[in-house]
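# Topology and contacts: notes
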Amino acid sequence: MANPIAFVSTSPLSDALVILGAAGIVIPLFARFRITPVIGFILVGILIGPFALGGLSGAYPWLSWVTISDPARLAPFAEFGIVLLLFSIGLELSFARLWAMRRDVFGLGAKELVASALLIAVVLVTLGNSLATALALGLALALSSTALVLRIAKPDTPVGRSALGMLLFEDIALVPIIFLLGALGRGESAQDMGDLLRTLVLGTLVLVVLLGGGRYLLPRLFEQAARTKSPELFLAISLLVVILASLATGAVGLSPIVGALTAGLLIAETEYHSEVAAMIEPFKGLALGVFLITIGMGLDLSFVWDRLGEILIAASLVLGAKALVTGVMLRLSGARAGTATEAGILLASPSETTLIVLGAAQAGNLILPDAAQFWQIVTALGLTVTPILAILGRWAARRVDSAADPLADQPLAPRHAIVVGCGRVGRLVAEMLTEHGQPYVAIDVDPELVQSARKAGISACFADAARANALERLGLDEATAVIFTMDDPVGVQRLVRRLRAAHPSLPLIARARDASHAAALYRAGASHAVPETLESSLQLSEAVLVDLGVAMGPVIASIHEKRDQMRAQIMEEGELDEKPQLRSATLRERQS
């Protein structure tokens, strides 16, 4: 009888167990600390991969249940994650929007890719590499990660919009780059221009068929699925469409992600795009997690340690060159200085497709196997630090925007309130202050929100309230009050505590998420903390009960009782001497 403990699992089920377990740990743990799970998935990949615990599964068979020793088994799932990401990007776009972006895609995107590749290639040539090898490495390393960048900076943000056009061009240019390297190759795998032309012709025909057939068939197909009211059928058709489109473009030599993007664009033109996007989202997140795990699994820690100095220097040069070129290109195209800075730093890391291009360069004998492994490690390291680059980019953007929009240029009244946050809540507060003739200045760390607020007639300027002396430069010593309206519970609590220690008598009014957060703000020193969810919940309850036929008197009495319970909770948790006044009684309550 076989010893069950000695049984080594190599089945897909054990891989699924590891992946789902990693997702169940990484996502909630990193969300709790407000850190992107990208880092967590990569770290998990390093830990369970063949160069760490996975390499010990031969000596300790039980480790096979919690590790993955063969990363190749996950490759199809990782590719599926990238396909779903491009599909979801297509869903957020439309043909009209894509046409409006044509200058960014084929103008700015082409300039950024060529300039980055040439700069890296020139540096490599000066270090003794041949021109063909330097060009191959330059094109590979000039690519940026669509999967990570658009995961961190959403396409509807200023940085995401700036990056989207360049990333789309890089995805489209992947096939010509691979054929170019094949033509430059010095081995049996070298390809001629005939192969490239045949692929482009067949690819064009496939895209024409997809566009023509999709516009006619997809609305009718999804309409029939919607009639059945079966979410399973709706999801199956959505996945079928994206997989068929990806297989079609892959079969003729184009990248599958081109087909996935096309499928997304087609469905975006239908009335079912929002439902499809909601259904695909969980699958996309999990599949992308698999991709990130495979990135971590590819990091050979012993190789990294042996050549740590060279790897760090190479990675720094690549990141610096790409950040410089991308930032300059965006600035020349008219982007704000802060946006160009943040996007340049975020796009500095190499891409998952860099690994594909490196493989093509190695197959064409343009780079040696040892060199290919070295640059694969550099690429994996660059992908790993992408979330750190995002944090660094945001910090640098704030410094740049702060220098470009000095607080001294903002005319201030001698006695004024300071509204921290130019979102919807901050704007409403500013409008009410204006209506009642109370001077104020509103600030925000998002330059787009500041610009939008100014267009709406709000007295706003760029400033980061968390930075030392930022509020002091706005006349904090003579301020009538400071109103915190941003949705950042930890940041607001920290600011309230700091200001209360320095200004004991200054009124501090803060927006709270709920009663517990309000109590924490009172403990930190807030004069008033207003839970945003409390009144909306009570008003919703009132509307429901009245519509259900409950008499108005008992409804108002129960709402008043519930509000009093919340006041008591805040008083107890906030260690207050008396109950806070959450809301003045309405006219209807006074009349009752």
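Position numbers for residues start from 1 in each chain and track the written sequence from start to end. Only residues with pLDDT of at least 70 are given local features in this predicted model, and only at 80 or more are side-chain atom pairs given and counted; all residues enter the totals for whole chains, interfaces and linings. As a rule here, side-chain values come from all non-hydrogen atoms in the structure, and water together with hydrogens is ignored.

Two strands in a sheet stick together by hydrogen bonds in their backbones, pointing the same way (parallel) or opposite ways (antiparallel). One requirement defines pairing of two strands: DSSP has to find at least two bridges between them. Secondary structure elements are defined from DSSP: runs of H or I of at least 4 residues count as helices, runs of E of at least 2 residues count as strands, and each element is numbered from the N terminus. Here six strands make up an open sheet; going across it, the order is β3-β2-β1-β4-β5-β6 and the pairing parallel. Among the strands making up the open sheet, the edge pair consists of β3 (460-462) and β6 (528-531). Taking each pair of neighbouring strands and ignoring which way they run, the sheet shows an average axis angle of 20°. Bridge count between strand β5 (residues 508-512) and β6: four bridges; the pairing is parallel. Within β6, the position partnered with A510 by the bridge is A529. The axes used here are C-alpha line fits, helices contributing only the stretch in contact, and every angle between their N-to-C directions lies in the interval 0 to 180 degrees.

Residues belong to a common nonpolar core when they are buried Ala, Val, Leu, Ile, Met, Phe, Trp, Tyr or Cys residues joined through side-chain atoms within 4.5 Å. Each residue gets one of three labels from its accessible area relative to the maximum for its type: buried under 20%, exposed over 50%, partly exposed in between, using a 1.4 Å probe on protein chains only. Ranked by size, the top nonpolar core spans 119 residues in total, and within it F87 and W375 carry the most contacts. When sequence neighbours within four positions are dropped, the list of residues in contact with W375 reads L124, L137, L141, A314, V318 and L358. Counting residues in hydrophobic clusters, the runner-up holds 35 residues, among them A465, F484, L495 and L538. Every residue pair with non-hydrogen atoms within 4.5 Å of one another is taken to be in contact.

What follows concerns the side chain of H416. Residue position: H416 is located in the loop between α18 (386-404) and β1 (417-420). You can call H416 buried: its relative accessible area is 3%. Of note is the side chain of H416, whose polar atom sits 2.7 Å from the backbone oxygen of L474. If sequence neighbours within four positions are ignored, H416 has contacts with P439, Y440, V441, L474, G475, E478, A479, T480 and A481. The term polar contact refers here to a pair of N or O atoms within 3.5 Å; inside protein, the definition further demands a hydrogen-donor-capable atom paired with an acceptor-capable atom, and it admits residues adjacent in sequence only when both atoms are side-chain atoms.

What follows covers the pairing of strand β4 (residues 481-484). On β4, burial covers both faces: A481 and I483 on one face and V482 and F484 on the other are all buried. Across four bridges, β1 lies against β4 in parallel orientation. Considered in β4, the bridge of A417 is made with A481. In this structure, β4 lies alongside β5, joined through three bridges in parallel fashion. In the strand pairing of β5, I483 is matched with I509. By convention, orient the strands away from the viewer: a clockwise path from the first strand over the helix to the second makes the crossover right-handed. As a crossover connection, the stretch from β4 through helix α21 (residues 489-502) into β5 is right-handed.

As a further point, take the environment of V555. Structurally, V555 can be placed in helix α24 (residues 552-573). On the basis of relative accessible area, V555 is assigned to the buried category, the value being 1%. The sequence separation of V555 and L545 amounts to ten residues, and the corresponding C-alpha distance is 7.0 Å. The contacts of V555, once residues within four sequence positions are left out, are E542, L545, V546 and V550.

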